[in-house]
Amino acid sequence: MAEALKLLLTGMSTVFIILIMVVVLGNLIIQLTNKFAPAPVTLTENKTGNNPVIDSKKMAAIVSAVQITTNGRGSVSSIKKVN
């Protein structure tokens, strides 16, 4: 019985330590990738002026939702209506 409990605790602690290492290393890789290789930002201009398909109130709501969701780090580059 004591040997089974010892094996159980050893196995559970090993799994727990490995899972902690996976989480820590994953977060470290994400932070390093975001720091040294950020996604390229491409801006396109709307040459036709205001988009007649999308209402200005809807466009403002979409832009504001993106700003809130991304904490000010995201932007709307284009809006296309999908049928």
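For the structure, see preceding data.
Everything in this summary refers to the structure shown in the same document. Residues take numbers from 1 onward in each chain, read along the sequence in its written order. In keeping with the model being predicted, local features are shown solely for residues with a pLDDT of at least 70 and side-chain atom pairs are shown and tallied solely at 80 or more, while totals for entire chains, interfaces and linings include all residues. Hydrogens and water are ignored here; the side-chain numbers use all heavy atoms of the structure.

### As for the overall build of the protein chain
Working step 1: A tally of helices and strands in the protein chain yields two helices and zero strands.
Working step 2: Only protein chains enter the area calculation, which uses a 1.4 Å probe; residues under 20% of their type maximum are buried, those over 50% are exposed, and those in between are partly exposed. Burial statistics for the protein chain: of 83 residues in total, 2% are counted as buried.
Working step 3: Note on areas: Shrake-Rupley, 1.4 Å probe, and residue coverage restricted to the protein chains presented here. Summed over all atoms, the accessible surface of the protein chain reaches about 8000 Å², with 67% contributed by carbon and sulfur. Helix and strand assignments follow DSSP, with helices taken as H or I runs no shorter than four residues and strands as E runs no shorter than two, numbered in order from the N terminus.

### Digging into unusual backbone geometry
Working step 1: Unusually for a residue other than glycine, Asn 71 sits at a positive phi of about 55°.
Working step 2: By the secondary structure assignment, Asn 71 is in the segment after helix 2 (56-69).
Working step 3: Classification of Asn 71 as exposed rests on a relative accessible area of 61%.

### A look at the environment of Lys 80
Working step 1: Relative to the helices and strands, Lys 80 resides in the segment after helix 2.
Working step 2: For the pair Lys 80 and Ile 54, spaced 26 residues apart in the sequence, the C-alpha separation amounts to 8.4 Å.

### Some words on a nonpolar patch on the surface
Working step 1: Patch definition: residues with relative accessible area over 30% and no salt bridge; like charges joined within 9 Å; nonpolar side chains (Val, Leu, Ile, Met, Phe, Trp, Tyr) joined within 5 Å. Every case where a carboxyl oxygen of Asp or Glu lies within 4 Å of a side-chain nitrogen of Lys or Arg is listed as a salt bridge. A cluster of nonpolar side chains, namely Phe 16, Ile 17, Ile 20, Met 21, Val 24, Leu 25, Leu 28, Leu 32 and Phe 36, defines an oily patch on the protein surface of about 910 Å² accessible area.
Working step 2: Tracing the sequence through the fold places Phe 16 in helix 1 (residues 2-36).

Don't take any of this as a statement about function, it's just geometry.
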